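# Tertiary structure, described
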Amino acid sequence: MTVRGDVLAPDPASPTTAAASPSVSVIPEGSPTAMEQPVFLMTTAAQAISGFFVWTALLITCHQIYMHLRCYSCPNEQRYIVRILFIVPIYAFDSWLSLLFFTNDQYYVYFGTVRDCYEALVIYNFLSLCYEYLGGESSIMSEIRGKPIESSCMYGTCCLWGKTYSIGFLRFCKQATLQFCVVKPLMAVSTVVLQAFGKYRDGDFDVTSGYLYVTIIYNISVSLALYALFLFYFATRELLSPYSPVLKFFMVKSVIFLSFWQALALRHAFTYKVYADKRLDAQGRCAPMKSISSSLKETMNPHDIVQDAIHNFSPAYQQYTQQSTLEPGPTWRGGAHGLSRSHSLSGARDNEKTLLLSSDDEF
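Read on for a plain summary of the structure. From a predicted model like this one, the values you see are computed outputs, not experimental measurements. (Residues numbered from 1 in each chain as written. Predicted model: local features only at pLDDT ≥ 70, side-chain atom pairs only at ≥ 80, totals over all residues. Heavy atoms only, no water.)

## Topic: the overall build of the chain
Stated formally: Under the scheme used here, helices are H or I runs from DSSP no shorter than 4 residues and strands are E runs no shorter than 2 residues, and both carry numbers assigned from the N terminus. Summary of the burial criterion: residues with accessible area below 20% of their type's maximum are buried, those above 50% are exposed, and those between are partly exposed, where the area comes from a 1.4 Å probe applied to protein chains only. For accessible areas, the Shrake-Rupley method is used with a probe of radius 1.4 Å. Any residue's cover is judged against the shown protein chains and nothing else.
Check the secondary structure of the chain and you find 12 helices and six strands. Per-residue burial for the chain yields a buried fraction of 39% across its 363 residues. Carbon together with sulfur atoms contributes 63% to the accessible area of the chain, which is approximately 20500 Å² in total.

Right, dumping it as structure tokens:
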């Protein structure tokens, strides 16, 4: 008898072959053993099924993004909504690529890095969207300034006993979410470098492996960001109640477990129909809108993120609140040949300006 893998195979030259016991099964040459059978995730069927749901989610979400860009009537809010919506195509397509390269851990790290970095950006944009819903920092401060922070062990505010809401409180919420946008990319770069030197393996908690330390830093950073989001909601939950913030936040975080179904639920949580209604003027006419390309360009411009980071981390602005205003562009009126502008092209676009309002209280 000869040994092939873990299975005994009869030796053709052996005289005992013909008298072999009937209980011994003979496996034909070239047939895969039980250990060689592929798992379901490695099969073409799994890749095809997942691909169908991924591309369906992509089409649904991309249509929603398109409608927001087409009805781009409230840039201050919709820029954050569109950025949040992009997590579905990014996460879904990234996960599908990870499945296609299931047996290659190196590719998986690269795909996961892109996905996780964008997730950090989404958390920041969700908080910024809540700020816009409430009218910005100055409006929020006018509502909560001086109110005592409710001390509760259940809600994680017991350490804030005796404190009152102030500009320092809002500054902490923004800083805690912005730090995650910095820490996560740094950890992503570290992961790629460590893997290149053979010092990183996913799931390896050995003290000599970089995975342990990257995981610890990542979890501390994301926990701080989520805690800041919760503190902000805890302070403004009554003001935010008309905007269903819990539903929106659940939709954002559920992408990890419910990627396909979230593509459907996001259509309700971040509906574009609210902004489509704002396209009509007082006479019910459809106001002129920006092109899809210009709306997308404005949405993906990171200028507001950079300015927000400078404002929240620079010592020179620690005691100032921001208030965004729109300098009105041209007014439109009806004429014999449709809509016409009341003044020159020099004022054709609304200009967003930021006011800094002094605040002398601290957190």
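Okay, back to it.
## Some words on the nonpolar core
We apply this condition: Note on terminology: a nonpolar core comprises buried Ala, Val, Leu, Ile, Met, Phe, Trp, Tyr and Cys residues joined through side-chain atoms within 4.5 Å.
Of all hydrophobic cores here, the largest spans 50 residues; its most connected members are Phe 169, Leu 170, Phe 232 and Phe 270. The element that contributes the greatest number of residues to this core is helix 4 (residues 105-133), accounting for 10 residues.

## Points about unusual backbone geometry
It is generally the case that most residues other than glycine have a negative phi and that most peptide bonds are trans. The phi torsion at Ser 244 lies on the positive side, around 50°, for a residue other than glycine. With respect to the element layout, Ser 244 can be found in the loop between helix 7 (210-240) and helix 8 (245-253).

## So, a nonpolar patch on the surface
To keep things clear, this is the line we draw: By definition, no residue in a patch forms a salt bridge, and every one has over 30% relative accessible area; like charges are joined within 9 Å, nonpolar side chains (Val, Leu, Ile, Met, Phe, Trp, Tyr) within 5 Å. Note on definitions: salt bridges are taken to be side-chain nitrogens of Lys or Arg within 4 Å of carboxyl oxygens of Asp or Glu.
Taken together, the side chains of Val 39, Phe 40, Leu 41, Met 42, Ile 49, Phe 52, Phe 53 and Phe 102 make up a nonpolar region of the molecular surface, amounting to roughly 780 Å² of accessible area. Mapped onto the fold, Phe 102 is located in the loop between helix 3 (87-100) and helix 4.

## Quick word on the side chain of Thr 299
Basically, it comes down to this: It only takes one pair of heavy atoms within 4.5 Å for two residues to be counted as in contact.
Turning to its location among the elements, Thr 299 is positioned in helix 11 (residues 292-300). Excluding anything up to four places from it in sequence, Thr 299 contacts Leu 69, Tyr 72, Arg 79, Val 82 and Arg 83.

## Brief notes about the packing of aromatic side chains
Note the following rule: A pair of Phe, Tyr and Trp rings is counted when the ring centres sit within 6.5 Å of each other, with Trp represented by its six-membered ring. The angle between the planes then sorts it: under 30 degrees is stacked, over 60 is edge-to-face, the rest tilted. For a lysine, the NZ atom is tested; for an arginine, the CZ atom; a charge sits over a ring if that atom is within 6 Å of the ring centre and within 35 degrees of the ring normal.
Counted by the stated rule, this structure contains 11 aromatic pairs. For the ring pair Tyr 133 and Tyr 243, a centre distance of 4.4 Å and an interplane angle of 5° mean the geometry is stacked. Of the two residues, Tyr 133 is situated in helix 4 and Tyr 243 in the loop between helix 7 and helix 8; the sequence distance between them amounts to 110 residues. Ring-pair connections join several aromatic residues into one group, and the members of that group are Trp 55, Phe 93 and Trp 96. Arg 79 extends its terminal NZ or CZ atom over the ring of Tyr 80, reaching a point 5.9 Å from the ring centre. When the ring centre of Tyr 131 is taken as origin, the NZ or CZ atom of Lys 174, which lies over that ring, is 4.2 Å away.

## A word on the packing of helix 6 (residues 167-196) against helix 12 (residues 303-313)
Stated formally: Axis lines are fitted to C-alpha atoms, over the contacting stretch for helices. Their N-to-C directions set the angle, which ranges from 0 to 180 degrees. We call two directions roughly parallel when the angle between them is under 35 degrees, roughly antiparallel when it is over 145, roughly perpendicular when it lies between 65 and 115, and oblique otherwise. Crossings are classed by handedness, with left-handed meaning an anticlockwise turn of the near helix from the far one by less than a right angle and right-handed meaning a clockwise turn. Under the convention adopted here, Pro, Cys and the residues Ala, Val, Leu, Ile, Met, Phe, Trp and Tyr are nonpolar, Asp, Glu, Lys and Arg are charged, and Gly plus all remaining residues are polar.
Where helix 6 meets helix 12, the axes come as close as 10 Å, and the angle between the chain directions of the two elements is 125°. By the angle class used here, helix 6 and helix 12 are oblique. Between helix 6 and helix 12 lies a crossing whose hand is left-handed. Facing helix 6, whose interface residues are Arg 171, Lys 174, Gln 175 and Leu 178, helix 12 presents Asp 308, Ala 309, His 311, Asn 312 and Phe 313. Of the residues assigned to the contact of helix 6 with helix 12, the class counts are three nonpolar, three polar and three charged.

## A short note on the state of the cysteines
Selection rule: Cysteine sulfur atoms are paired as a disulfide whenever they come within 2.5 Å of each other.
Applying the stated criterion across every chain, the model contains zero disulfides. In this model Cys 117 remains outside any disulfide bridge; the closest cysteine sulfur is found in Cys 181, 9.7 Å from its own.

## Notes on the packing of helix 6 against helix 7
Between helix 6 and helix 7, the shortest axis-to-axis distance is 9 Å and the interhelical angle comes to 160°. By the angle between their directions, the pair helix 6 and helix 7 is classed as roughly antiparallel. Viewed along their axes, helix 6 and helix 7 form a crossing whose handedness is left-handed. When its residues are assigned to classes, the contact of helix 6 with helix 7 shows 20 nonpolar, five polar and one charged.

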